[in-house]
Amino acid sequence: MSLPVIYVENLTRRFGDFVAVDHINFEVNEGEVVGYLGPNGSGKTTTIRMLLGLLMPSEGEATVLGYDVVRQSEEVRARVGYMSQKFAIYDDLTTLENLTFYGGVYGITDKKRIIETLELVGLTGHEHTLTRDLSTGWRQRLSLGIALVHKPKLLFLDEPTSGVDPTARRAFWDLIYELAASGVTILVTTHYMDEAEYCERVGVMRDGKLLAMDTPTNLKKSIITGNVWEVFAHPLEQGLDVLQELEGVDRVGLAGDHLRVISSQIQQETMQKLLSKNNIQVERIERGEPTLEDVFLALAR
Amino acid sequence: MRSRLLSIIRKEFIQILRDPRTLVLIILMPIMQLFLLGYAATTDVKNISMAVWDQSHTQQSRALLDAFRVANYFSIDYMIGSEDEYRTLIESGKIRAALIIPPDYDIRLLEGKAQVSLVLDGSDATVGGTALSVAKLIGQSYATKILSEQTALTGRQAAFAPPLDVRTQVWYNPDLIAAYFNVPGVIGMILYFITALLTASAVVRERERGTIEQLIVTPIRSWELVVGKILPYAILAFIDTLEILVIGHWWFGVPVRGHVGLVFLLSGLFVISSLGIGLFASTIANTQQEAFITVMITMLPSIFLSGFFFPIAAMPEFLQWVSAIIPLRYYLVIIRALLLKGVGLAALQNEVIALSIFAVVIMGAAALRFKKRLD
């Protein structure tokens with residue numbers, strides 16, 4: 001086994017009394033696409049900023065590509081790409097000018113590489129558009145291009161898809177897979193559950209703590225030990241009230257046109273009877289699959 | 001390294017050229033300031049409105065009035081006959097000065113004890129002060145003339161009553177034209193304003209937009225980022241210097257007696273100080289607005305304590321000490337001396353040393369605060 005691309009041990013960052021990142025430990029191996037899931041303010045961005053040497057850790061240590069993030073941050077920076085939450089684009093420059101500028105900053109003077117990057121992120125044809133006139137989806141692509149222009153081996157993407165429409169999001173993930181296939185390791189933060197499903201491994205973060213990190217399948221298996229039931233009943237709200245009172249239910253929640261019940265003890269018949277007794281018309285009760293949302297909510301409790 | 005620096009400079013120029021407001025500020029502000037300070041803010045005193053109460057009505061008194069007329073500083077607009085009259089005229093602002101010639105002026109003059117009184121409206125200190133000294137000058141030179149005439153008349157030797165000898169000589173700017181004094185000042189002010197303000201806001205803008213975070217994660221070095229960001233503004237500052245010099249020289253007739261190369265060299269020294277202040281301000285401010293306010297806070301003391309309008313020697317001691325840490329103060333001495341006196345480097349030694357120290361200190365302080373980190 002080669003060294004992990006990212007190695008984090010007891011990494012901690014405090015802002016005054018507030019602990020933004022609380023003794024986290026994880027590793028990321030070469031070629032992986034690792035998701036970092038958590039609500040806003042859970043410490044995802046702070047973690048990435050420490051790995052890039054933008055913020056000093058208060059405690060613990062971390063290496064990126066074998067380089068210490070505190071003492072060798074310049075070595076790290078030259079080899080990684082970073083796409084920040086705020087797309088770091090100059091509004092008053094064109095697409096090409098933005099990319100040429102960042103390329104130049106990385107010491108890339110070869111025009112071919114710039115054009116290549118434009119093609120890679122699908123911005124050909126928009127070279128001379130002022131970026132303030134671009135849609136969010138296009139700006140996102142340019143931002144990725146900026147992170148990629150120097151062919152990094154590791155890519156940090158901080159909420160790359162926030163504010164982008166679903167089609168553009170899907171296209172963006174296709175691009176991420178393409179990059180991963182070419183050997184780039186990717187650490188991507190998100191608060192979208194569906195996006196986390198796309199990752200090979202997912203870390204779940206809350207209040208500065210890394211609650212778990214594993215493949216989505218393993219997470220579901222290990223965290224959601226009960227059964228998942230999908231209850232189609234009418235009226236739904238009253239059904240929810242009734243099931244919430246039922247002993248042995250781990251969690252029950254509304255999910256569109258049905259109720260989602262997680263429990264390891266309750267049987268289908270028990271629910272059926274209870275609902276009918278309360279004058280709730282039960283259409284059907286089915287077994288469901290656990291989702292990352294279930295995992296997240298279970299962990300967050 | 002060259003590619004990184006050039007990239008920043010090129011990007012900065014594209015941004016400047018694409019922002020019409022900044023461009024207008026850079027090109028038009030110096031012109032506006034020049035014309036404002038060259039014309040409106042003039043302290044030249046001409047044609048002060050004056051009333052005369054001639055109680056003597058003699059040939060001698062008329063001769064004195066002629067002396068005032070010839071000098072052009074006063075315009076005799078009213079001939080009056082009482083104290084109430086000039087009081088009313090001064091109060092209503094119609095006149096700024098009243099000359100009162102006593103009834104026995106001619107007799108007294110022969111005795112050599114003639115006295116006239118001049119009442120001045122001192123509510124505008126500049127005009128009042130100038131009028132007072134001018135009137136004294138006229139009086140003295142006239143007295144000298146009379147004395148020498150009398151001496152000639154009586155056939156006595158000049159040694160008996162030496163004529164009052166007031167030889168006032170004003171060097172460099174003999175007509176005390178305000179523009180000569182103001183134009184070099186405008187150069188200093190504009191250089192300071194353009195470089196400090198634009199540098200501060202250009203750096204803070206990167207922070208506001210979040211691009212600084214992206215720049216920090218690139219291999220760019222802090223000094224490359226700093227130099228690349230401020231060099232374009234330094235170049236613009238030189239264009240402004242040239243613009244002011246050209247307009248000042250050909251429109252306002254301000255002399256350029258010193259070596260032009262030296263003007264630019266020492267202006268460069270001053271620009272480094274201003275850039276340092278702008279850079280330092282950018283490390284304090286988080287938004288462009290804060291940057292603007294921070295620079296403005298340094299702007300007012302710079303203007304008022306640098307000797308731009310008011311002589312430093314006339315300030316209370318405490319403010320004189322404060323003015324010692326204002327770089328514009330030294331630059332104003334330098335630029336005025338270079339343009340008006342045409343001195344060389346040797347005469348400006350102290351100012352050059354002071355500016356150099358300031359430049360090193362402020363740049364060092366800014367560089368220490370300007371780290372490639374977010375916290």
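Residues numbered from 1 in each chain as written. Chains lettered and ligands numbered in written order. Predicted model: local features only at pLDDT ≥ 70, side-chain atom pairs only at ≥ 80, totals over all residues.

> Looking at this structure, I do not really get the domain arrangement of chain B. What am I missing?
Much of the literature gives interface size as the accessible area that the parts lose upon coming together. Its domain assignment divides chain B into domain 1 (21-41 + 177-369) and domain 2 (48-154). The C-alpha centroid of domain 2 of chain B is placed 46 Å from the C-alpha centroid of domain 1 of chain B. (Domains from an automatic or database assignment.)

> Please clarify how helix α1 (residues 44-51) of chain A should be interpreted in this entry.
Residues that lie three or four places apart on an α-helix share one face, since the helix turns once every 3.6 residues. All names here are of chain A. Burial analysis of α1 places 8 of its 8 residues in the buried class, the great majority of the element. For α1, the complete set of buried residues consists of Lys 44, Thr 45, Thr 46, Thr 47, Ile 48, Arg 49, Met 50 and Leu 51. Gly 53 lies just past α1 and shows a positive phi near 75 degrees. (Buried ≥ 20, exposed ≤ 12 C-beta atoms within 10 Å, placed from the backbone. Helix = DSSP H or I, 4+ residues; strand = E, 2+ residues; numbered from the N terminus.)

> Quick question: what am I supposed to make of the confidence of the model for chain B here?
Atomic detail in the predicted coordinates should be set aside for any region of low pLDDT. Residue and element names in this part refer to chain B. For chain B, the mean per-residue pLDDT works out to 81, and 86% of the residues sit at or above 70. Throughout residues 156-168 the model reports pLDDT below 50, and contacts reaching past four residues in sequence, or to other chains, amount to 13 contacts. Across the assembled chains, the prediction reports ipTM 0.82 with pTM 0.76. (pLDDT = per-residue confidence, 0-100. Contact = placed C-beta atoms within 7 Å.)

> Sorry if this is basic, but what is going on with the pairing of strand β2 (residues 74-79) of chain B here?
All names here are of chain B. Examined bridge by bridge, strand β1 (residues 48-54) and β2 share 5 bridges and lie parallel to one another. Counterpart to Ala 51 in the pairing with β2 is Tyr 78. Running through helix α3 (residues 59-71), the crossover from β1 to the neighbouring parallel element β2 is right-handed. (Pairing = 2+ DSSP bridges. Right-handed = clockwise from strand over helix to strand, strands pointing away.)

> Which parts of the structure should I look at to understand the interface of chain A and chain B?
Opposite the 24 residues of chain A that make contact, chain B presents 22 residues. Listing elements by their share of the side of chain A that touches chain B, those giving two or more residues are α2 (73-79) and α3 (95-105) of chain A. Take the side of chain A that touches chain B: its biggest share by element is 5 residues, from α3 of chain A. Classifying every residue of the side of chain A that touches chain B by side-chain character gives 14 nonpolar, 4 polar and 6 charged. (Nonpolar A, V, L, I, M, F, W, Y, C, P; charged D, E, K, R; others polar.)

> Explanation requested: the environment of Asp 294 of chain A in the structure shown.
All names here are of chain A. With respect to the helices and strands, Asp 294 occurs in helix α11 (residues 292-300). Along the primary structure Asp 294 and Ile 223 are separated by 71 residues, whereas in three dimensions their C-alpha atoms are 8.7 Å apart. Look past the residues within four positions of Asp 294 in its chain and what remains in contact with it is Ile 224, Val 228 and Ile 262.

> What is the right way to look at the domain arrangement of chain A in this model?
Domain annotation of chain A identifies domain 1 (6-214) and domain 2 (225-288). Computed from C-alpha atoms alone, the centre-to-centre distance between domain 1 of chain A and domain 2 of chain A is 41 Å.

> How do you make sense of the packing of helix α8 (residues 216-223) of chain A against α11 of chain A when you look at a structure like this?
Helices that pack against each other are described as a pair by the angle of their axes relative to one another and the distance between those axes. All names here are of chain A. It is the contact of α8 with α11, at a shortest axis distance of 9 Å, that shows an interaxial angle of 50 degrees. When the axes of α8 and α11 are compared, the pair comes out oblique. In this structure, the crossing between α8 and α11 has a hand that is left-handed. Across the interface between the two elements, Pro 216, Leu 219, Lys 220 and Ile 223 from α8 touch Leu 292, Val 295, Ala 298 and Leu 299 from α11. Across the contact of α8 with α11, the residue classes break down as 7 nonpolar, no polar and 1 charged. (Axes fitted to C-alpha atoms, helices over the stretch in contact; angles between N-to-C directions. Parallel < 35°, antiparallel > 145°, perpendicular 65-115°, else oblique. Left-handed = near helix turned anticlockwise from the far one by under 90°.)

> Sorry, what's going on with the sheet that holds strand β10 (residues 209-214) of chain A here?
The strands making up a sheet associate through backbone hydrogen bonding, with each pair oriented either parallel or antiparallel. All names here are of chain A. Pairing is mixed in the open sheet, where 6 strands are placed in the order β6-β7-β8-β3-β9-β10. Strand pairing shows two members of the sheet lacking a second neighbour, β6 (80-83) and β10, which therefore form its edges. Sheet twist, expressed as the average angle between the axes of neighbouring strands with direction ignored, equals 15 degrees. With 5 bridges joining them, strand β9 (residues 201-206) and β10 adopt antiparallel strand pairing. Residue pairing across strands places Arg 206 opposite Lys 209, the latter belonging to β10. Strands β9 and β10 of the sheet are contacted by α8, whose axis makes an angle of about 110 degrees with β10.

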